[in-house]
Amino acid sequence: MSYDEIYKAWESDPDAFWMEQAQAIDWIKSPSKALFDENAPLYEWFSDGQVNGCWNAVDRHVEAGNGDRIAIIHDSPVTNSVHKITYGELKDRVASLAGALRTKGIEKGDRVIIYMPMVPEALEAMLACARLGAIHSVVFGGFAANELAVRIDDATPKCIIAASCGIEPGRVVQYKPLLDGAFELADHKPDFCVMLQREQEVAALENGRDFDWFEFQAGVEPADCVPVEGNHPAYILYTSGTTGAPKGVVRHTGGHLVALNWSMKAIYDSDPGDVFWAASDVGWVVGHSYICYAPLIHGNTTIVFEGKPVGTPDAGTFWRVIQDHNVKCLFTAPTAFRAIKRDDPEGALIADYDISSLESLFLAGERADPDTIEWAQAKLGVPVIDHWWQTETSWAIAANPLGIEKLPVKIGSPSVSMPGYDVQILDEGGHEMPAGELGAIAVKLPLPPATLPTLWNAEDRFRKSYLNTFPGYYETGDAGYKDEDGYLYIMARTDDVINVAGHRLSTGAMEEVLASHPDVAECAVIGAADTLKGQLPMGFLCLNKGTTSDPETVVSDCVKLVRDKIGPVAAFKQAVVVERLPKTRSGKILRGIMAKIADGQDYKMPATIDDPIILDEIRVSLATLGYPKHA
Ligand code: COA
Ligand code: AMP
């Protein structure tokens, strides 16, 4: 069937469409229907089914006779090692870990925070939780203790599973001090921690609280899979919103299994046994969906890559991994390709490897710029597919579904809406805009399976953030347009979220940290365009009247403060001291215009601006940092 036919089949009978896809999942009790709309506009999928996520990702492949198939390849240029784990071994490892967690009191519904680098044990920890019906929340290793503490207080986990360290090029990141710091800062105290000791750093364990990963599994009974309801939360994943408090996106088990499994063939054209590589991190949604769950549910081999696109050891690393493991489909963020292109503009290193196994490259996480797409197309000679999605959705809202049919690629567009998503461009009043006109991108409710049913412990915030602006729609927070052929173009965020190297960050969270500096009276953070990372945060600081502190010292204090409070991943390295911030007469800071000035773009002077002269002051301050970069 063509894409049009499949999309129409979904449109005409969504329940039948999703019930058919649900047949690819092993249910303990089949759901009676797909959509549960009794609490609209809150929707759920497959709620009355009974299922287990780990069974579907691991055990069933062993039962089907595929226990010898490689499930996970850990390729780690930073430790110079490669390990392969079969589905059979994965089952034993996960059942043992789950058994040990159960012995320590972890049961269905308990929360477990996972704070680990790119090691297979991170996936095993996620799967062990799924086996028990425990709800995991993975925290990205590049976040600081304070961010970990915020998540501990919100998710109130019984247990934290961590590794002793992560490895960044040139430095070992010790996790234990971050963990201890978070314990100290958080009001909620988890019962215990499990520590995977790595040879690069052996952490001192606290008696009675911390248990060694291997020792605590010794002699325990392996755990079987615990049945959970289709609407049982599989995990909580925190993501940046407008304020400093991250949003806990909830993922229900049933829909997550069905939609992710469907996406593997339909979107990525991947068959069971094929090697699938999402070069991201388990701490992000791409890692949850396409390093861990989707490839395993679908019976693929997934690659856990512990390295960077460049510098580990060079810009040929990706090609080596593709060659060594016969990667068929690669998925990464455009920033990774920009980094490779910057180090090896001619793509000369590609010739050193046999990458003939590669059939497609998928890009997501940020806007894919035409230069990067064209470079990748020319150098790799395979389809380069931009697709658009969010932590909230866990799979593509818009894509070019290679496994259904390869639609014409339009550079600059992540192509068309996937079945399940009725994407519309709305004006401020919620009316659909004509083709070609820019508006807010919204999705008609209900969202499809695997998308967020709510925010953890924050239903009001869920409604306010996503449902209230356009009744009957989910507000994506992105702005853009559709062309005559229904192709989407994602142009900007409508909120204060920025995207740095494919990582979603909140300028509001950074502003909260800057405002805590004793000399800072007021501040603003914007995202300024960057050729490598897409955007980089930039701070504007107004100091308290009469302060005698040296402005340069305040700037460097603030840079350190953001790194310490949010983490190195914020990449907050530049700020300027200004006299005043441009505002509307009602006091709203004009961040959008400041960003346009930083990027050297034209802007419309808002009629409500309080004092236009301030924009000139901002321009002068930005010039001291070399902005705009391409003037
Ligand atoms: N643990 C600890 N620190 C981390 C970390 C982790 N897991 N991940 C990143 N950091 C640190 C980095 O070391 C860097 O620290 P520094 O300021 O001391 O240099 C900082 O956080 C910023 O990291 P990043 O923005 O990733 O920049 P980078 O210069 O290290 O690498 C790229 C740039 C483009 C190579 C890198 O961002 C990349 O590979 N991106 C791929 C995109 C991706 O995976 N996106 C996920 C969504 S698909
Ligand atoms: P995250 O939740 O971290 O996956 O970030 C989601 C946000 O990243 C989206 O709301 C977009 O702003 C941006 N984004 C993701 N994919 C794309 C894409 N293909 N094109 C443009 N922006 C994207």
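Residues numbered from 1 in each chain as written. Chains lettered and ligands numbered in written order. Predicted model: local features only at pLDDT ≥ 70, side-chain atom pairs only at ≥ 80, totals over all residues. Heavy atoms only, no water.

**Structural notes on the overall build of the protein**
In step 1: Within the protein one finds 17 helices and 32 strands.
In step 2: For 631 residues, the compact-globule estimate of 2.2 N^0.38 gives 25 Å, and the protein sits close to it at 24 Å.
In step 3: Counting only C-alpha atoms, the protein reaches 70 × 60 × 55 Å along its principal axes.
In step 4: Counting over 631 residues, the protein shows a buried share of 59%.
In step 5: Considering only contacts in the protein between residues 6 or more positions apart, those separated by 24 or more positions represent 70%.
In step 6: Carbon and sulfur atoms make up 49% of the accessible area of the protein, which totals about 23900 Å².
In step 7: Side-chain charges in the protein split into 55 positive and 88 negative, and the spacing between the mean points of these groups amounts to 3 Å. (Helix = DSSP H or I, 4+ residues; strand = E, 2+ residues; numbered from the N terminus. Rg over C-alpha atoms; globule rule 2.2 N^0.38 Å. Buried < 20%, exposed > 50% of the residue type's maximum accessible area, 1.4 Å probe, protein only. Contact = heavy atoms within 4.5 Å. Areas by Shrake-Rupley, 256 points an atom, 1.4 Å probe, with all protein chains shown as cover. Lys, Arg positive; Asp, Glu negative; His and termini not counted. Charge placed at Lys NZ, Arg CZ, Asp CG, Glu CD.)

**Quick look at the site of ligand 2**
In step 1: Of all residues adjacent to ligand 2, which total 15 residues, the nearest are H387, T391, D478, R493 and R504.
In step 2: The separation between a nitrogen atom of ligand 2 and a polar main-chain atom of G365 is 3.1 Å.
In step 3: Here T391 contributes a side-chain N or O atom positioned 2.5 Å from an oxygen atom of ligand 2.
In step 4: Out of a free accessible area of 490 Å², ligand 2 has 92% covered by protein chains.
In step 5: Considering only residue class, the shell around ligand 2 consists of four nonpolar, five polar and six charged. (Near = heavy atom within 4 Å. Polar contact = N/O pair within 3.5 Å; in protein donor to acceptor, adjacent residues only side chain to side chain. Nonpolar A, V, L, I, M, F, W, Y, C, P; charged D, E, K, R; others polar.)

**Considering the pattern of salt bridges**
In step 1: Applying the stated criterion across every chain, the model contains 34 salt bridges.
In step 2: A salt bridge links K410 to D483; its shortest N-O distance comes to 2.7 Å. Placement of the pair is K410 in the loop between β22 (398-399) and β23 (416-417) and D483 in the loop between β26 (473-482) and β27 (488-493), with a sequence separation of 73 residues.
In step 3: A salt bridge links E511 to R591; its shortest N-O distance comes to 2.7 Å. Remark: R591 occurs in helix α16 (residues 591-598) and E511 occurs in helix α14 (residues 507-515); sequence separation between them is 80 residues. Grouping residues by exposure puts E511 and R591 together as buried.
In step 4: When salt bridges that share partners are traced, they join K176, D180, E206, R209 and D210 into one network. (Salt bridge = Lys/Arg side-chain N within 4 Å of Asp/Glu carboxyl O.)

**Details of the side chain of S96**
In step 1: Examined against the element boundaries, S96 turns out to sit in helix α4 (residues 87-103).
In step 2: Exposure remark for S96: the relative accessible area of 18% places this residue in the buried category.
In step 3: One polar contact links S96 to Q217, side chain to side chain, over a distance of 2.6 Å.
In step 4: Once residues lying within four places of it in the same chain are set aside, the contact partners of S96 are Q217, V220 and P222.

**Regarding helix α12 (residues 370-380)**
In step 1: Buried residues of α12: T372, I373, W375, A376 and L380, and no others. Take α12 and look down its axis: the buried residues cluster within an arc of 165°, on one side only. Exposed positions of α12 whose direction lies more than 90 degrees from the buried face are D371 and A378.
In step 2: Buried residues in α12 make contact with α10 (317-325), α11 (334-343), β20 (360-363) and β21 (384-386).
In step 3: Where α12 terminates, the next one or two residues include G381, which has phi positive at roughly 65°. (Arc of directions from axis to C-beta.)

**Section: the environment of I425**
In step 1: Within the element layout of this structure, I425 appears in strand β24 (residues 423-426).
In step 2: Taking C-alpha positions, I425 is 8.1 Å from A479, a pair spaced 54 residues apart along the chain.
In step 3: Apart from residues lying up to four places away in sequence, I425 is in contact with H431, E432, M433, E437, L438, G439, A440, I441, G480, Y481, K482 and L488.

**Quick notes on helix α17 (residues 613-624)**
In step 1: Between its first and last C-alpha atoms α17 spans 18 Å; for 12 residues at 1.5 Å apiece the expected length is 16 Å, and the two agree.
In step 2: The complete set of buried residues in α17 reads I614, L615, I618, S621 and L622. One side of α17 carries all its buried residues, which in axial view fall inside an arc of 120°. Opposite the packed face of α17, turned more than 90 degrees from it, sit the exposed residues V620 and T624. (Expected span 1.5 Å × (residues − 1).)

**A look at the site of ligand 1**
In step 1: The immediate surroundings of ligand 1 are formed by 22 residues, with E168, R171, K533, R563 and K573 found nearest.
In step 2: The separation between an oxygen atom of ligand 1 and a polar side-chain atom of E168 is 2.5 Å.
In step 3: The side chain of R563 places a nitrogen or oxygen atom 2.8 Å from an oxygen atom of ligand 1.
In step 4: Counted by class, the shell around ligand 1 contains 10 nonpolar, six polar and six charged residues.

**Observations concerning the sheet that holds strand β19 (residues 327-332)**
In step 1: Here seven strands make up an open sheet; going across it, the order is β6-β5-β18-β17-β19-β20-β21 and the pairing mixed. In this open sheet, the two edge strands, each paired with only one partner strand, are β6 (81-86) and β21. The sheet shows a mean angle of 20° between the axes of neighbouring strands, taken without regard to direction.
In step 2: Judged from the three bridges that link them, β20 and β21 form a sheet pairing that is parallel. Residue pairing across strands places F362 opposite I385, the latter belonging to β21. (Pairing = 2+ DSSP bridges. Axes fitted to C-alpha atoms, helices over the stretch in contact; angles between N-to-C directions.)

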